[in-house]
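So you can see what is in the structure, the chains are spelled out below.
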Amino acid sequence: MSDLASRLRSANLRPLLRWESGLAVVVALIVIIGSAASPDFLTGNNLFNLGLSNGEVAIMTLPMTLIIISGEIDLSVASILGMSSALLGYLWVHGWPLVAIFATIAVAGIAAGAVNGLLVTRLRLPSLAVTIGTLALYRGIATILLGPTTVASFPATYTNLGVNAVPFTGNDMTYSTLIFIILAIIFGVVLHATPLGRSIYAMGASAEAAQFAGIRVKRIKTGLFMLSGLVCSVAGVLWTFRLDTAVQNNGLGMELNVVAIVLLAGVSIFGGKGSITGVVLAVLAFAGIQNALLLTNFNQEATGIVTGGLLLASVFVPNAARWLSLLRTTRRLSPNRQLPEACSQARPRQPHEESP
Amino acid sequence: MSTTLIPRLQRRPDSAPGAGGLAERVLRIRESGIVIVLAVFVAVTTVVQHRFLGSANIQFVLVDTAGFALLALGETMVVLTRNVDLSVGSIVGLSAYLSADLFAQHPGISIPVVFLAGLGIGLACGIVNGIMVAAGRVPSLVVTLATLYIIRGVDILIVGGNEVDASSLPNSFLDIPKDTIGGIPDIAIAVAVLIGLGAYYLRTFRSGRDLYAIGSNPDAARLAGLPVGRRVFTAFAVSGAIAGVAGVLWGAQYGTINSTAGTGYELQVVSAVVVGGVAIFGGSGSVIGAGLGALLLSTISSALYVLGISPFWDQAIWGFLLLLAISLDQTITERLTSALRRSGTRHE
């Protein structure tokens, strides 16, 4: 355990912690304002609904975090969710047993991720372009499978899982929330305390340097895309059972929410920076804002304004802090003064900082 | 430099002086590739179903392409500088509603004024994007993802549950997509002319060439004294203004405008640009290619429809073609780079 703690300490978490403490303040503010605005905000029932409506997005942010830290991006996540949902509906209508369906969906999700990963690593294509293509392709497959039909005849045992609480949690925790918590812990440990995690940071900072350091960049990146495919297909199953409907447009456009949350968490779009703690806080902030606005009768569909504003803050606030510190440095460096010790050291990079 | 978009992922061969001719030849090959695919598609479809080349269908495809190719023109200018503008769909939506609403608010308002209003709305959005990317030095992917949300949110707050429908729009406005010269829709001709002007500008003018230089290597462009910030800002402003005009056209074409107008358009536009051979990380490609990419995608949708293939196949085929286009593009570029390297060593 002390080993883990020392590894976490040795990681250069200082600038990240600063962004994350900012996020924590935002989350706290949301809770305070939310509960002041509505007495329903902090009730177990509301928290349960919060988990229900944000569970799948939250789960999908975790593999996205690893992919963005490794220097890539995956815009096909929501389409993989839709494809998995459509597959579930299609195979169920065709009389397959659910166990076989689940296995097929998992394989399909992994395969979808493998296509992304292989195109990106083997053909050396930019992941942004590849996953815009597979975004259309996978959503297209979902559309081919289901067409305009809606499948809604799933067995109650499963659809109940989608809307009921996990036993022994006082009716406060959804299954998707539980899955998110477990996955967040696993992803957090892997990313922050294992050689694999360090490799992911390394290849995000410089794929070339990582390659020369003996890290199997292509293999790990392909693996990350496959992992993302698998997790998103699980999210698709959860989504389908929660709404008790499989339609081809399930989760349409959700990829932007997922990316927005991950960037809000202080994960650098250029790779190499970010943490799971930040992502968990960003998920809370995102869910909290949506919910607070819902309770305060703000036009629910316009909450994107707040998401967008936070996203802008996530790139401008660290930049502003840097400019301020630069300003101070230049002032201190004015004629006939010694370089202060702090400034002679390498300046830690901020999240979202421009690449050198 | 700050406006780069994930610069590490791909390094384009920089256009060294000697490479100019060869690279341009490849560009031409790439565009002719699209033309060939397009021709094959049209030929096969026409053999199976003659009415595909009927004037009604041609008009339909060209009108469909016009707005789309117009957006691709603006997006290309941004993508050339190694940036991306994801907010175009939201700008289209905002401009479509606000401009069409002018007809309801001020009956008898002249159509050019409405187009100017749309252009102004788009320009304002583009300027905001441009200032943040160029002066704030933050990644354009993040900025325009944020403005995608914010502009759509503002649109939703303004529109609410309302909609503008065709009954409040003058017939002369709704006829814009229907007017033709010699069987070709006016707006398709107008957009083709604009794309031609854009291609001429990018090829001939110094500021146009700067966009390629910036996208090829932003740091080198800065060191060479190019006004990188100003050029990037201009590209975003132009892209926004174009999206504003496309929004007005959107209104004329569909007649009914609510708060969801143009949702998801940004990815289609980026697809058209990429299929058209514009490198997603800047520095190479042409607006003509992007326009052809838009035409190809619209033609495919229409061909599938005419052939009686379920429209549910559209998106999968679309995605597959996009992947095919970028894979081919990459293979060609890599072959070219190694060929250049070989010929380079031979001369030394």
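Residues numbered from 1 in each chain as written. Chains lettered and ligands numbered in written order. Predicted model: local features only at pLDDT ≥ 70, side-chain atom pairs only at ≥ 80, totals over all residues.

1. Some points on the overall build of chain B
Working step 1: Secondary structure assignment for chain B yields 13 helices and two strands.
Working step 2: Residue burial in chain B is summarised as follows: out of 348 residues, 53% are buried.
Working step 3: Put simply, 81% of the contacts in chain B that link residues at least 6 apart link residues at least 24 apart. (Helix = DSSP H or I, 4+ residues; strand = E, 2+ residues; numbered from the N terminus. Buried ≥ 20, exposed ≤ 12 C-beta atoms within 10 Å, placed from the backbone. Contact = placed C-beta atoms within 7 Å.)

2. What to know about the overall build of chain A
Working step 1: The helix and strand tally for chain A stands at 15 helices and zero strands.
Working step 2: Put simply, chain A has 356 residues, and 50% of those count as buried.
Working step 3: Looking at chain A alone, contacts between residues at least 24 apart form 80% of all its contacts between residues at least 6 apart.

3. Description of helix H5 (residues 98-121) of chain A
Working step 1: The terminal C-alpha atoms of H5 of chain A, which comprises 24 residues, lie 34 Å apart, in line with the 34 Å expected from a rise of 1.5 Å per residue.
Working step 2: All of the buried residues in H5 of chain A are Ile105, Ala108, Gly109, Ala112, Gly113, Val115, Asn116, Gly117, Leu119, Val120 and Thr121 of chain A. (Expected span 1.5 Å × (residues − 1).)

4. So, unusual backbone geometry
Working step 1: The phi torsion at Arg124 of chain A lies on the positive side, around 55°, for a residue other than glycine.
Working step 2: Of note, Arg124 of chain A is situated in the loop between H5 and helix H6 (127-146).
Working step 3: Non-glycine residue Arg137 of chain B carries a positive phi angle of around 55°.
Working step 4: Inspection of the secondary structure puts Arg137 of chain B in the loop between helix H4 (111-134) and helix H5 (140-159).
Working step 5: For Arg137 of chain B, a count of 17 C-beta atoms within 10 Å corresponds to the partly exposed category.

5. Details of the packing of helix H7 (residues 186-204) of chain B against helix H12 (residues 287-306) of chain B
Helices that pack against each other are described as a pair by the angle of their axes relative to one another and the distance between those axes.
All names here are of chain B.
Working step 1: Contact pair H7 / H12: the axes reach a minimum separation of 8 Å and the direction vectors enclose 150°. Between H7 and H12, the interaxial angle falls into the category roughly antiparallel. Contacts between H7 and H12 involve Ile195, Gly198, Ala199 and Leu202 on the former and, on the latter, Val287, Ile288 and Gly291. (Axes fitted to C-alpha atoms, helices over the stretch in contact; angles between N-to-C directions. Parallel < 35°, antiparallel > 145°, perpendicular 65-115°, else oblique.)

6. Brief notes about the confidence of the model for chain B
Keep in mind that low pLDDT regions are not for reading the predicted coordinates in detail.
Residues and elements named next belong to chain B.
Working step 1: Averaged over all residues, the pLDDT of chain B is 85; the fraction at 70 or higher stands at 90%.
Working step 2: Of all helices and strands in chain B, the one with the weakest mean pLDDT is helix H1 (residues 19-48) (73), whereas H4 scores best (96).
Working step 3: Under a pLDDT of 50 for its full length, residues 1-18 has, in the predicted model, 54 contacts with residues more than four places off or in other chains.
Working step 4: Interface confidence in the predicted complex, given as ipTM, is 0.78; pTM for the same model is 0.81. (pLDDT = per-residue confidence, 0-100.)

7. Overview of the interface of chain A and chain B
Working step 1: With 46 residues of chain A at the contact, the number on the chain B side is 48 residues.
Working step 2: Secondary-structure elements contributing two or more residues to the side of chain A that touches chain B are H6, helix H12 (254-264) and helix H14 (304-332) of chain A.
Working step 3: Top contributing element to the side of chain A that touches chain B by residue count: H6 of chain A, with 15 residues.
Working step 4: In the side of chain A that touches chain B, the residues fall into 26 nonpolar, 16 polar and four charged. (Nonpolar A, V, L, I, M, F, W, Y, C, P; charged D, E, K, R; others polar.)

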